[in-house]
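One letter stands for each residue in the lines below.
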Amino acid sequence: MKYVRFRDPAGAVRRGEFENGHVHFGNDSYALESDDIDVLPPCEPSKIVCIGRNYADHADEMGSELPDRPLIFLKPPNAVASHGDTVTAPAGKERIDYEAELGVVIGEQCRHVPVADAMDVVEGFTCVNDVSNRDDQEQEQNWIRGKAFDGAAPLGPLLATPDEVPDDAAVKSRVNGELKQDGSREQLIFPIPELIAEITAYMTLEPGDVIATGTPEGVGPLSDGDEIEIEVEGVGTLAHSIRRP
């Protein structure tokens, strides 16, 4: 199944089933791209747990060594943006990058989850753009300025249950229609069950929390007005634009 969180014409927040380009809730049906509804992020995370350098080719293009354990950093709720939003980057920065990622949406509160049981706590998958301010990221170790600014984590537009997303699902990005990244879930250095086990060894994950599993090679800079698409096979395509003040 695939689901969409949305605000209906009356202003109520709903969660509807998605099929053939339409969102269904009760007796109502809306086109996903219709002006009748506002598409919302598919969940309301208390935190987004991001994984750095989880694709070997991306680590290479960034001139970084491969980690011997998952490289973890956080994005707070203020970073969440939605399908169709315009993300305003911090002012005065030379380089703001896109990073296409497969997002894992957690379905239940969990801690100390064994690898063998990890997929039991997964509600589904979504698309993530780990928008990155490289100017500040290169100058700090905790990446707060580089990764946690308002709107730095567009999510959506759908939540797809795990059975919808193949083990070798493609993860792609396009900027103004041009393909920039073309990777696969099977290229992850640390697969999803290992990530969940490692993260929950240190912190409790709450329902709606998101794990951004890392980005394939091909990241690059964004210009003012660019239109970005993040596509995950089996989920769909997250689209948003960027404003560079």
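All figures in this text were calculated on a predicted structure; none of them were measured in a lab.

Colleague: Lay out the overall build of the protein with the relevant residues and their values.
Modeller: In terms of regular secondary structure, the protein is built from 4 helices and 20 strands. The C-alpha radius of gyration computed for the protein amounts to 17 Å, which stays within 12% of the reference 18 Å derived for 245 residues, consistent with globular compactness. Taking the principal axes of its C-alpha atoms as reference, the protein extends roughly 55 × 45 × 30 Å. By residue count, 52% of the 245 residues in the protein fall in the buried class. Of all intrachain contacts in the protein linking residues separated by at least 6 positions in sequence, the fraction that spans at least 24 positions is 72%. For the protein, the computed accessible surface area is about 10900 Å², with 42% contributed by carbon and sulfur atoms. Here the protein holds 21 positive side-chain charges and 47 negative ones, and the gap between their average locations is 5 Å.

Colleague: Quick rundown of the sheet that holds strand β18 (residues 220–221)? Include the residues and the values.
Modeller: Taken in spatial order, the 3 strands of this open sheet run β13-β10-β18, and their pairing is antiparallel. The sheet is open, and its two edges are formed by β13 (132–133) and β18, each paired on a single side. Relative to β18, strand β10 (residues 96–98) runs antiparallel, the two being bridged by 2 bridges. Paired with Tyr98 across the bridge in β18 is Gly220.

Colleague: So what's going on with the sheet that holds strand β20 (residues 236–243)? Residues and values would help.
Modeller: Where strands meet in a sheet, backbone hydrogen bonds hold them as pairs that are either parallel or antiparallel. The mixed open sheet is built from 5 strands, whose spatial order is β9-β20-β19-β15-β16. Strands with a single pairing partner mark the edges of an open sheet, and in this sheet they are β9 (86–88) and β16 (178–184). Direction aside, the axes of adjacent strands within the sheet are offset by 25 degrees on average. Direction of pairing for strand β15 (residues 170–175) relative to β16: antiparallel, over a ladder of 6 bridges. Of the residues in β16, the one forming a bridge with Ala170 is Ser184.

About the criteria used
Residues numbered from 1 in each chain as written. Predicted model: local features only at pLDDT ≥ 70, side-chain atom pairs only at ≥ 80, totals over all residues. Heavy atoms only, no water. Helix = DSSP H or I, 4+ residues; strand = E, 2+ residues; numbered from the N terminus. Rg over C-alpha atoms; globule rule 2.2 N^0.38 Å. Buried < 20%, exposed > 50% of the residue type's maximum accessible area, 1.4 Å probe, protein only. Contact = heavy atoms within 4.5 Å. Areas by Shrake-Rupley, 256 points an atom, 1.4 Å probe, with all protein chains shown as cover. Lys, Arg positive; Asp, Glu negative; His and termini not counted. Charge placed at Lys NZ, Arg CZ, Asp CG, Glu CD. Pairing = 2+ DSSP bridges. Axes fitted to C-alpha atoms, helices over the stretch in contact; angles between N-to-C directions.

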